[in-house]
Amino acid sequence: MPHTAIAWVRNARRIAVLTGAGISAESGVPTFRDAQTGYWAQFRPEDMATEAGFRAHPQRVWDWYQHRRDLLAGVSPNAGHLALADFQRRHPDRITLITQNVDGLHQRAGSTGVLCLHGDIFQDRWLDTPRNCCFLDHAVAGHPPYCDRCGNLVRPGVVWFGEPLPLAALEAAQPAARQCDVMLVIGTAGAVYPAAGLAQLARTAGARVVVVNTAPSALDETAHAVLRGAAGTLLPQLLAA
Ligand code: BV8
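About the criteria used
- Counting from 1, residues in each chain are numbered in the order their sequence is written.
- The model is predicted, so local features are restricted to residues of pLDDT at least 70 and side-chain atom pairs to those at 80 or more, both for listing and for counting; the totals for chains, interfaces and linings are taken over all residues.
- For the side-chain quantities, the full set of heavy atoms in the structure was used; hydrogens and water were omitted.
- By nonpolar core is meant a set of buried Ala, Val, Leu, Ile, Met, Phe, Trp, Tyr and Cys residues that side-chain atoms within 4.5 Å join together.
- Remark: exposure states derive from per-residue accessible area (1.4 Å probe, protein chains only) relative to the maximum for the residue type, with buried under 20%, exposed over 50%, and partly exposed in between.
- Secondary structure elements follow DSSP: runs of H or I no shorter than four residues count as helices, runs of E no shorter than two count as strands, and numbering proceeds from the N terminus.
- In what follows, a contact means two residues having at least one pair of non-hydrogen atoms within 4.5 Å.
- All axes here are fitted lines through C-alpha atoms, helices being fitted over the stretch that makes contact, and every angle between N-to-C directions spans 0 to 180 degrees.
- Every angle not falling under 35 degrees, over 145, or within 65 to 115 is termed oblique; those three ranges are roughly parallel, roughly antiparallel and roughly perpendicular.
- When the near helix sits turned anticlockwise from the far one by under a right angle, the crossing is termed left-handed; a clockwise turn instead gives a right-handed crossing.
- One requirement defines pairing of two strands: DSSP has to find at least two bridges between them.
- Aromatic rings from Phe, Tyr and Trp, taking only the six-membered ring of Trp, are treated as a pair when their centres fall within 6.5 Å; an angle between ring planes under 30 degrees marks them as stacked, one over 60 as edge-to-face, and anything in between as tilted.
- Any Lys NZ or Arg CZ found within 6 Å of a ring centre and within 35 degrees of that ring's normal is scored as a charge over the ring.
- If a single non-hydrogen atom of a residue is within 4 Å of a molecule or strand, that residue counts as near it.
- Polar contacts, as used here, are pairs of N or O atoms within 3.5 Å; protein pairs need one atom able to donate a hydrogen and one able to accept it. Residues neighboring in sequence count only if both atoms are side-chain atoms.
- Only the protein chains shown count as cover for residues, and the accessible areas themselves come from Shrake-Rupley with a 1.4 Å probe.
- Each residue is assigned to one class: nonpolar for Ala, Val, Leu, Ile, Met, Phe, Trp, Tyr, Cys and Pro, charged for Asp, Glu, Lys and Arg, and polar for all the others, Gly among them.
- Salt bridge criterion: a side-chain nitrogen from Lys or Arg within 4 Å of a carboxyl oxygen from Asp or Glu.

1. Some points on the nonpolar core
- Ranked by size, the top nonpolar core spans 26 residues in total, and within it Leu184, Leu235 and Leu238 carry the most contacts.
- Breaking this core down by element, the ones donating at least two residues are α1 (3–11), β1 (15–19), α6 (79–90), β2 (95–99), β6 (182–186), β7 (208–213), β8 (225–228) and α10 (231–239).
- Leu235 has contacts with Ile23, Gly80, Ala83, Leu84, Ile186 and Ala240, leaving out every residue within four places of it along the chain.
- Counting residues in hydrophobic clusters, the runner-up holds 24 residues, among them Leu117, Leu170, Ala176 and Ala196.

Here it is, written out as structure tokens:
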């Protein structure tokens, strides 16, 4: 663990953290771009995580999310999630946690005020604007569930490709990136925007950017330091100070 990165964290008044699917990998959650296992291997996540994909194949997409929800029910936060939650407990006003993940593991580790840029896989919402007959707790069970009065479909409460990010989360994440002294970019390929753009925003505003990733990522060149390794190993070292 380079001492410079530890020193930057120790001396930082404000730290912004951007996490991606890689921080949940050690919990046993397949990352977004890992080849989907089994039946799902034949489909591209980028095609399924879209409104068009859901409208074209509602059962396939719904079952993919149900499969991921079921998998998440059996996993726990790992040392990387716990190190971030522990740091926030010790330094409550020094860290802002921004995540692309929809798995809720940061919250289960004890992190609070998590800015969820891509929604929450455990939330349901209506596909079409709900009418006064559409009540989620009255939706008829199905793949997907639906309103038996107007046929509206239930969809997962995540942000699909081509959909805008939740304004409140994004409008909190951008100033956090601009005002931080250090940005930690953890476990993300850096391929999805506007989330990945937060790293450049931080760098342009003068922050030290530190990437933690087991493999090269599109944000390595935005970083002042790249720590090659697993989040579950490196974060406890980086944040223990
Ligand atoms: C939007 C929810 C506009 C669903 C997801 C430029 C600007 C703006 C938009 C765009 C743009 N260019 C292109 C776009 C469009 C698009 C986009 O970015 N496309 C990409 C494919 C090019 N963006 C959008 O559509 C966004 N919306 O821009 O709207 C708009 C405005 C107004 C009105 C209408 C529209 C919405 C994007 C959100 C998509 N939803 N998730 C779901 O989960 O099913 S994105 C999905 O990808 C997940 O959230 C995931 O977190 C995210 C990013 O992936 P990563 O987290 O990086 O995961 P990945 O598997 O790729 O990588 C894992 C990394 O971890 C690897 O690097 C690996 O090495 C590393 N790793 C593995 N193990 C470990 C590890 N690291 C450390 N430790 C380990 N142990």
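2. A closer look at the packing of α6 against α10
- Where α6 contacts α10, the two axes come as close as 7 Å, and the packing angle between them is 20 degrees. One finds that α6 runs roughly parallel with respect to α10. Seen from above, α6 lies across α10 with left-handed handedness. Only Ala231, Gly232, Leu235, Pro236 and Leu239 of α10 make contact with α6, whose side of the interface consists of Ala79, Gly80, Ala83, Leu84, Phe87 and Arg90.

3. As for the sheet that holds β7
- Strand order in this open sheet of six strands is β3-β2-β1-β6-β7-β8, and the pairing throughout is parallel. Either end of the sheet is taken by a strand with one partner, and the two such strands are β3 (115–116) and β8.
- The pairing of β1 with β6 spans five bridges and is classified as parallel. Residue pairing for β6: Leu18 is matched across the bridge by Val185.

4. Comments concerning the packing of aromatic side chains
- Evaluation of the coordinates by the stated rule reveals three aromatic pairs.
- Judged by centre distance (4.9 Å) and plane angle (65 degrees), the ring pair of Trp64 and Tyr65 falls under edge-to-face.
- According to the relative accessible area criterion, Tyr65 is buried, its value standing at 3%.
- Each ring, one from Tyr65 and one from Trp160, has its centre 6.3 Å from the other, and the planes form 50 degrees; the classification is tilted. Remark: Trp160 occurs in the loop between β5 (154–158) and α8 (167–179) and Tyr65 occurs in helix α5 (residues 58–73); sequence separation between them is 95 residues.
- We classify Trp160 as buried; its relative accessible area is 2%.
- These aromatic residues form a ring-pair network of at least three members: Phe54, Trp64, Tyr65 and Trp160.
- Residue placement shows Arg68 over the ring face of Trp64; its charged tip is 4.5 Å from the ring centre.
- Here the guanidinium or amino end of Arg155 rests over the ring plane of Trp160, the centre of that ring lying 3.8 Å away.

5. Some thoughts on the site of the ligand
- Around the ligand lies a shell of 38 residues, among which Arg33, Tyr65, Gly162, Thr188 and Asn213 are the nearest.
- Between the ligand and the protein, one listed contact pairs an oxygen atom with a backbone N or O atom of Tyr193 at 2.8 Å.
- Interatomic distance of 2.9 Å between a backbone N/O atom of Ala231 and a nitrogen atom of the ligand.
- In isolation the ligand has 1,500 Å² of accessible area, and contact with the protein removes 74% of it.
- Secondary structure elements with two or more residues in the shell around the ligand: α2 (22–25) and α5.

6. What to know about the packing of α8 against helix α9 (residues 197–204)
- For the pair α8 and α9, interaxial distance at closest approach is 7 Å and the crossing angle is 35 degrees. Every residue of α9 that contacts α8 at Ala173, Gln174, Ala177 and Arg178 is listed here: Leu198, Leu201 and Ala202.
- Here the residues of the contact of α8 with α9 sort into five nonpolar, one polar and one charged.

7. Some details on the pattern of salt bridges
- Within the structure shown, the criterion is met by eight salt bridges.
- A salt bridge links Asp93 to Arg13; the nearest nitrogen and oxygen atoms lie 3.9 Å apart. With a gap of 80 residues between them, Asp93 in the loop between α6 and β2 and Arg13 in the loop between α1 and β1 connect regions that are remote in the sequence.
- Arg13 gets classed as partly exposed once you look at its relative accessible area, which sits at 48%.
- Notably, a salt bridge pairs Arg55 with Asp128, separated by 2.7 Å at the nearest N-O pair. Of this pair, Arg55 sits in helix α4 (residues 51–56) while Asp128 sits in the loop between β4 (119–126) and β5, and the two are 73 residues apart along the sequence.
- Judged by its relative accessible area of 41%, Arg55 is partly exposed.
- One connected set of salt bridges, linked through shared partners, spans Glu51, Arg55 and Asp128.

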